[in-house]
Amino acid sequence: MTLTGSLLSLEFDRSSITRVRHLVTESAQDAGLKGAALEDFVLAVHEAVTNAVRYASPPRGIAMWTEPGRLVCEITDTGPGIPTQVLEREEPATRFDFGGRGLWLMERLAGAVVRTSPEGTTVNLSAALR
């Protein structure tokens with residue numbers, strides 16, 4: 001990874017979700033993201049952050065940086081990992097399912113790359129900077 005510019009790095013919990021969303025929006029705008037690309041990226045990051053709060057254990061962290069031509073965000077947490085059947089789902093859950101749309105959305109909006117194990121999960125999201 002060629003780290004060009006660090007924009008954000010912090011731990012978060014349930015009480016800071018709104019603050020994190022605002023910081024992500026501001027940082028992404030500062031990096032040059034705008035319009036629908038900004039909205040899609042922020043929504044994808046918000047999904048990852050809320051999933052970490054909902055399903056994982058502290059510490060939970062978020063970092064954002066720029067690489068040449070890209071904005072990257074990494075969300076990390078500790079255990080228990082994401083079940084295989086959730087990761088392998090190719091379609092979003094039906095409207096009657098509880099949950100199940102977050103990873104699908106993250107993949108489509110920001111090319112989510114997920115690494116998960118019983119020790120924790122890391123979600124990388126990115127957007128092209130024009």
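All values derive from a computational prediction rather than experimental measurement.

Q: Before we move on, could you go through the packing of helix H1 (residues 17–31) against helix H2 (residues 35–55) and cite the residues and values that matter?
A: Taken N-terminus to C-terminus, the directions of H1 and H2 make an angle of 150 degrees; their axes are 10 Å apart at the nearest point. With respect to H2, the element H1 is oriented roughly antiparallel. When you trace H1 past H2, the crossing you get is right-handed. For the pair formed by H1 and H2, the contact residues are Ile17, Val20, Arg21, Val24, Thr25, Ala28 and Gln29 on the first element and Leu38, Phe41, Val42, Val45, His46, Val49, Thr50 and Val53 on the second.

Q: Requested: an account of the pattern of salt bridges, with residues and values cited.
A: Across all of its chains, the model carries one salt bridge by this definition. Linking Arg115 and Glu74 is a salt bridge whose minimum nitrogen-to-oxygen distance equals 3.8 Å. Of this pair, Arg115 sits in strand S4 (residues 113–117) while Glu74 sits in strand S3 (residues 70–78), placing them 41 residues apart in sequence.

Q: Would you mind going over the sheet that holds S4 in detail, with residue names and values included?
A: In spatial order, the strands read S1-S2-S3-S5-S4; together these five strands make up an open sheet with antiparallel pairing. The open sheet has two edge strands, strand S1 (5–11) and S4, and neither has a second partner. Between one strand axis and the next, the sheet turns through 10 degrees on average, direction left out of account. When strand S2 (residues 57–67) meets S3, the two strands line up antiparallel, connected through eight bridges. In the strand pairing of S3, Ala63 is matched with Glu74. Against the sheet, H1 makes contact with S1, S2 and S3, and its axis sits at roughly 175 degrees relative to S1, the strand it touches most.

Analysis parameters
Residues numbered from 1 in each chain as written. Predicted model: local features only at pLDDT ≥ 70, side-chain atom pairs only at ≥ 80, totals over all residues. Heavy atoms only, no water. Axes fitted to C-alpha atoms, helices over the stretch in contact; angles between N-to-C directions. Helix = DSSP H or I, 4+ residues; strand = E, 2+ residues; numbered from the N terminus. Parallel < 35°, antiparallel > 145°, perpendicular 65-115°, else oblique. Left-handed = near helix turned anticlockwise from the far one by under 90°. Contact = heavy atoms within 4.5 Å. Salt bridge = Lys/Arg side-chain N within 4 Å of Asp/Glu carboxyl O. Pairing = 2+ DSSP bridges.

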